[in-house]
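# Commentary on secondary and tertiary structure
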Amino acid sequence: MPAVTAENTLLLPRVPEPAPQAATQRAVRSVTSAPQGYEGEGFPVYRAFAGVLLRDLDPFVHMDQMGEVEYAPGEPKGTAWHPHRGFETVTYMIDGLMEHQDSHGGGGTITDGATQWMTAGSGILHIETPPEALVASGGRFHGVQLWVNLPRANKGNPPRYQSIEGQQAVLLSSPDGGALVRVIAGDVAGHHGSGATFTPITMIHATLSPGARLVLPWRPDFNALVYALSGRGAVGAEQRPLDTHQLAVFGPGAALTVAATAQPDNRTPNLDVLVLGGRPIREPVAHFGPFVMNTKAEVIQAFEDYQSGRLGVIPAERVPHTTPGEELS
C-alpha cells in the first residue's frame, strides 16, 4: 500500500496518548461489513456505510472503497460525465492512478496518497477515468471516495476544487512508533491537515504494524468512524474485532482506540484504517443519486436543472458517453 510512508516513524512528531482520567474512551456502538458493488462503468467498490443510519454518519453521507484490485491490460474503468449538487466529494488515491476533470476547470491526476476535494455546491459536472497508459498496461487500483454533506447555508455556494498532493499530508506517529498517522484534513493533537472544508471534519489514514496500538484524542463534538481498508485488528477499549471492509461507529467521548492484531492475515502484515469524524450538521437530508439536498423538492429541482443544462457544460475536448440521467452516482 504505497500512499505516503515514512522510513522511520520514530523521527516523526508523536500523537500523545490521552490520559484516561482526562479523556473518556469512546465505546463502539456497532461494527458493520461493507457489501461489494460496482460503480461507474463497472469498477468494483465496497459500500463502506451500507446499513448505517445517517444520524450516526452525519456529516458524512456516503463512502466507497474503490478496489483494491489488480487490473489486467484493458480492464481499468472509470465513470462517465455526471452531475453533483449539495455536498463535497473527497477522492483519496492510495495506489494507482485516476484522472479527474470538472466543468469548472478543476482536475488533474490523483495518485499514491493524493487527495482531490471537489465542492459541488450549487452544481457541477465531473468525470473520473483511468489514464490511457493504465488502461493499456493494467495495474493496481485502490482508493476511497467520501461524500461530505454541506449545511443548508452552503449548498448554493459556487463550486470549488482543492488538490492535496501526497507529500502535503501531515505525518505523525504513535508514541512507540508502531503506527503511522497521515492527517489529510482536520486537526489531531494540534497538527493540522491541508484539506479545507465548509463542514468541520477530521480525516486520517493510519497504518498500524502487527501488535501496535493507537489511541487518538478526538473532539467530543465530532462523531467518530473507523473503517478497515485492509488487515485485521480491534477497536475501542473493549477490543471489538475489526476486519477488512468493516466500519466501526463509536459513541461519545474524547478518545478512541485502534489496535492491530499480533497475528496478521496472509494478505497484509499491517492494519490500515481510515479514521473519520465531523461536527454533525443535524439538518434534514434528502439524498438521491448524485444529489444531497434538504428536501425531496430540492432533489427534483436538481434533476431538472441538470437536464436543462444549468449544472455546467462538458468541455468541448471531452465527449460524453452517456445520455442525461444515465450515470448518477
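Structure's up top.
### A few points about the pairing of strand 22 (residues 246–250)
Most of strand 22 sits out of view: 5 of its 5 residues are buried. With burial as the criterion, each face of strand 22 is covered, one bearing Gln246, Ala248 and Phe250 and the other bearing Leu247 and Val249. Sheet topology note: the strand 1 (residues 28–33)/strand 22 ladder contains 5 bridges and is antiparallel. Following the sheet pairing, valine 28 is matched in strand 22 by phenylalanine 250. In the sheet, strand 19 (residues 225–230) pairs with strand 22 via 3 bridges, with the strands oriented antiparallel. Bridge pairing in strand 22 links tyrosine 227 to leucine 247.

### Describing the pattern of salt bridges
Once their charged atoms are close, side chains differing in charge can pair, the charge on each being opposite to the other. Going through the model one piece at a time under the given rule, you end up with 11 salt bridges. When the shortest N-O distance is used, the salt bridge between arginine 232 and aspartate 243 registers 3.8 Å. Remark: aspartate 243 occurs in strand 21 (residues 240–243) and arginine 232 occurs in strand 20 (residues 232–235); sequence separation between them is 11 residues. Since its relative accessible area comes to 30%, aspartate 243 is described here as partly exposed. Of the charged contacts, one joins arginine 310 and aspartate 305 as a salt bridge, the two residues approaching to 2.6 Å between their closest N and O atoms. The exposure class assigned to arginine 310 is exposed, which follows from its relative accessible area of 55%. Its relative accessible area of 8% is what places aspartate 305 among the buried residues. Ionic contacts of the salt-bridge type, sharing partners, join the residues Glu68, Glu70, Asp95 and Arg140 into one network.

### Points about the packing of aromatic side chains
Pairs of aromatic rings are described using the distance from one ring centre to the other and the angle between the two planes. This model, assessed by the stated rule, comprises 5 aromatic pairs. Centre to centre, the rings of phenylalanine 291 and phenylalanine 303 are 4.9 Å apart; their planes meet at 90°, and the pair counts as edge-to-face. Note that phenylalanine 291 is positioned in strand 26 (residues 291–293) and phenylalanine 303 in helix 3 (residues 296–307), a separation of 12 residues in sequence. According to the relative accessible area criterion, phenylalanine 303 is buried, its value standing at 16%. An aromatic cluster of at least three residues, connected via ring pairs, comprises Phe43, Tyr71 and Phe141.

### Let's talk about the sheet that holds strand 20
Sheets are built from strands that pair by backbone hydrogen bonding, the pairs being arranged parallel or antiparallel. Ordered by their spatial adjacency, 4 strands build an open sheet running 18-23-20-21, and the pairing between neighbours is antiparallel. Each of the sheet's edge strands pairs with one partner strand only, and the pair in question is strand 18 (213–217) and strand 21. Across the sheet, the mean angle from the axis of one strand to that of its neighbour is 25°, orientation sign disregarded. Note that strand 18 and strand 23 (residues 255–260) share 5 bridges and pair antiparallel.

### A closer look at the side chain of threonine 257
Take threonine 257: it is sitting in strand 23. Polar side-chain contacts of threonine 257 include one of 2.8 Å to the side chain of glutamine 25. Sequence-distant contacts of threonine 257, that is, excluding residues within four places in its chain, are made with Gln25, Arg213, Leu214, Val215, Ala234, Val235, Gly236, Ala237 and Phe250.

### Some words on empty space enclosed by the protein
Within this structure, the stated rule accounts for 2 cavities of 30 Å³ or more. When its volume is computed, the second largest cavity comes out at roughly 30 Å³. Every residue lining the second largest cavity is listed: Thr89, Thr91, His100, Ile110, Gln116, Trp117, Met118 and Tyr161. Per element, the largest residue contribution to the lining of the second largest cavity is 3 residues, and it comes from strand 9 (residues 115–119). Of the residues that constitute the lining of the second largest cavity, the class distribution is 4 nonpolar, 4 polar and no charged.

### Structural notes on the pairing of strand 19
Counting buried residues in strand 19 gives 6 out of 6 residues, a clear majority hidden from the surface. The sheet contact formed by strand 19 and strand 24 (residues 271–278) spans 5 bridges and is antiparallel. Directly across from tyrosine 227, in strand 24, lies its bridge partner leucine 274.

### Regarding the environment of valine 45
Mapped onto the fold, valine 45 is located in strand 3 (residues 43–47). The exposure class of valine 45 is buried, given its relative accessible area of 0%. Taking C-alpha positions, valine 45 is 4.5 Å from methionine 66, a pair spaced 21 residues apart along the chain.

### Regarding the sheet that holds strand 24
Reading across the sheet, the 7 strands line up as 1-22-19-24-17-14-13 and stay open at both edges, with antiparallel pairing between neighbours. With one partner strand each, in any of the chains shown, strand 1 and strand 13 (170–173) form the two edges of the open sheet. Neighbouring strand axes in the sheet, compared pairwise and without regard to direction, differ in orientation by 20° on average.

Each value, and the rule that gives it
- Residues numbered from 1 in each chain as written.
- Predicted model: local features only at pLDDT ≥ 70, side-chain atom pairs only at ≥ 80, totals over all residues.
- Heavy atoms only, no water.
- Buried < 20%, exposed > 50% of the residue type's maximum accessible area, 1.4 Å probe, protein only.
- Helix = DSSP H or I, 4+ residues; strand = E, 2+ residues; numbered from the N terminus.
- Pairing = 2+ DSSP bridges.
- Salt bridge = Lys/Arg side-chain N within 4 Å of Asp/Glu carboxyl O.
- Phe/Tyr/Trp six-rings, centres within 6.5 Å; stacked < 30°, edge-to-face > 60°.
- Axes fitted to C-alpha atoms, helices over the stretch in contact; angles between N-to-C directions.
- Polar contact = N/O pair within 3.5 Å; in protein donor to acceptor, adjacent residues only side chain to side chain.
- Contact = heavy atoms within 4.5 Å.
- 1 Å grid on protein atoms, 1.4 Å probe; cavity = no way out; pocket = protein on both sides within 12 Å on 5 of 7 lines; lining within 4 Å.
- Points joined across faces, edges and corners; volume = space filled by probe spheres on them.
- Nonpolar A, V, L, I, M, F, W, Y, C, P; charged D, E, K, R; others polar.

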